[in-house]
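The primary structure of each chain is shown beneath.
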Amino acid sequence: MTFCKEVREDCDSLWEASFDHPFVKGIEDGTLPIDVFRFYVMQDAYYLSHFAKVQALGASKATDLETTQRFAVHSAHTCSAELGLHESFMELLGVTEEEWAVFEPSPTAYAYVSHMYRSSEGDLADVLASILPCYWLYYEIGERLKNAKPDHPIYDRWIETYGSEEFGSLVHEQISRMDQLAEGLPEARRRELKNHFRKSSYYEWNFWDQAWRKESWSIGSVDKVGV
C-alpha cells in the first residue's frame, strides 16, 4: 500500500466528518447562511496567504530544479487562482477595507497556519505532508458535490472550482510526489509524516466548524486575546 493510500485510510473518519459537516452540507444544498460563508471566506483568505508561503518554502527545500519549479507554480496558482476567487467572493459579499483593517484570524485558523509552519521546519516531505490534506480533501468534496444544485451563484462557483479538472491535476501531482518522497523511508519517519497529515486533516474539520460557529477569541465575557 502506498503512503497516501495508507494515510488516507487512517484518516477516513476525520474526512467523513468533514464531508458530513453542516457547513459542507449547507453548500451542497444552498442552505448555508451567507453570513457564515462570509466569515469562512475571510478566514480562508488569511489561511491561503500563508499556504502559498508554505508552498514557496517547499520550493526552497526541493533538491532538484524541476520540483522547485513545480512548487513555485503551485504557490503562484494559490496566489492568482485561489486568492482571486476569494477576492471576487469578498466583493460579492461586501467585505470592506475597514473590515480587513481590523481582521484577526480565528483561533483555529491561527493554529492551523502555525501547524503548517512548524511542520515545515523539516524537509520537503514534512512540508507536503502538512499541506496535502487541504488540496486533497477539497478535491474530494468538489468531486462529491459536482452534481449538486445549490442554485446559489457563490456556492455554485465554489463547487465548480474544487471539482475542476485543473484543480484535480494539481492534487494528483502532489499525491504522487508525496508517495515518492515517503517511499523507502524508515517506519519511524513515515509515522512523523503521517502525524503531520493527520493533524492537518483534524484542522480541516475544525476549519468548517470555526466558520459555522463564527469562532472568536472571546470566552463568555472574557476580553479578546491579542494575536
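Residue positions within a chain follow its written sequence, with the count starting from 1. Totals for whole chains, interfaces and linings use all residues, but because this is a predicted model, local features are given only for residues with pLDDT of at least 70 and pairs of side-chain atoms are given and counted only at 80 or more. Note: side-chain values were computed over all heavy atoms of the structure, leaving out hydrogens and water.

1. Overview of the overall build of the protein chain
Here is step 1: A helix here means a DSSP run of H or I that spans at least four residues, while a strand means a run of E at least two residues long, and both kinds are numbered starting from the N terminus. From N to C terminus, the protein chain includes eleven helices and zero strands.
Here is step 2: Start at the N end of the protein chain and walk to the C end: the helices and strands fall as α-α-α-α-α-α-α-α-α-α-α.
Here is step 3: Rg of the C-alpha trace for the protein chain: 17 Å, near the compact-globule value of 17 Å for 227 residues, within the 12% margin.
Here is step 4: Along the longest, intermediate and shortest principal axes, the C-alpha atoms of the protein chain span 50 × 40 × 35 Å.
Here is step 5: Only protein chains enter the accessibility calculation, which uses a 1.4 Å probe; a residue is then buried when its area is under 20% of its type maximum, exposed when over 50%, and partly exposed in between. Across the 227 residues in the protein chain, those meeting the buried criterion constitute 52%.
Here is step 6: Reported accessibility uses the Shrake-Rupley method at a 1.4 Å probe radius. Residues are deemed covered only where the shown protein chains occlude them. Surface summary for the protein chain: the accessible area is close to 10,900 Å², and the carbon and sulfur share equals 53%.
Here is step 7: We count Lys and Arg on the positive side and Asp and Glu on the negative side, and we leave His and both chain ends out. Each charge is placed at NZ for Lys, CZ for Arg, CG for Asp and CD for Glu. Here the protein chain carries 22 positive and 38 negative side-chain charges, and the mean point of each set is 4 Å from the other. Atoms counted for the radius of gyration: C-alpha only. Globule rule: 2.2 Å times the number of residues to the power 0.38.

2. Some words on helix α7 (residues 107-119)
Here is step 1: Multiplying 1.5 Å by the helix residue count minus one yields the expected span of that helix. Helix length check: α7, at 13 residues, gives a terminal C-alpha distance of 18 Å against a target of 18 Å (1.5 Å per residue), a fit within 8%.
Here is step 2: Listed in full, the buried residues belonging to α7 are Thr108, Ala109, Tyr112, Val113, His115, Met116 and Ser119. The arc that holds every buried residue of α7, seen down its axis, measures 155°, which confines them to one face.
Here is step 3: Whether two residues are in contact is decided by their heavy atoms: any pair within 4.5 Å suffices. For α7, the elements touching its buried residues are α4 (34-61), α8 (124-145) and α11 (187-213). The directions from the helix axis to the C-beta atoms are what the arc is built from.

3. What to know about the nonpolar core
Here is step 1: We call a set of buried residues a nonpolar core when its members are Ala, Val, Leu, Ile, Met, Phe, Trp, Tyr or Cys and they connect through side-chain atoms within 4.5 Å of each other. Within the largest apolar cluster, 68 residues are counted, with the highest numbers of intra-cluster contacts made by Phe37, Tyr40 and Trp158.
Here is step 2: Among the elements that line this core, the one with the most residues is α8, at 15 residues.

4. Here we look at the side chain of Thr78
Here is step 1: Relative to the elements of secondary structure, Thr78 occurs in helix α5 (residues 65-93).
Here is step 2: The exposure class of Thr78 is buried, given its relative accessible area of 4%.
Here is step 3: In contact with Thr78, other than residues within four places in its own chain, are Leu48, Phe51, Ala52, Gln55 and Leu83.

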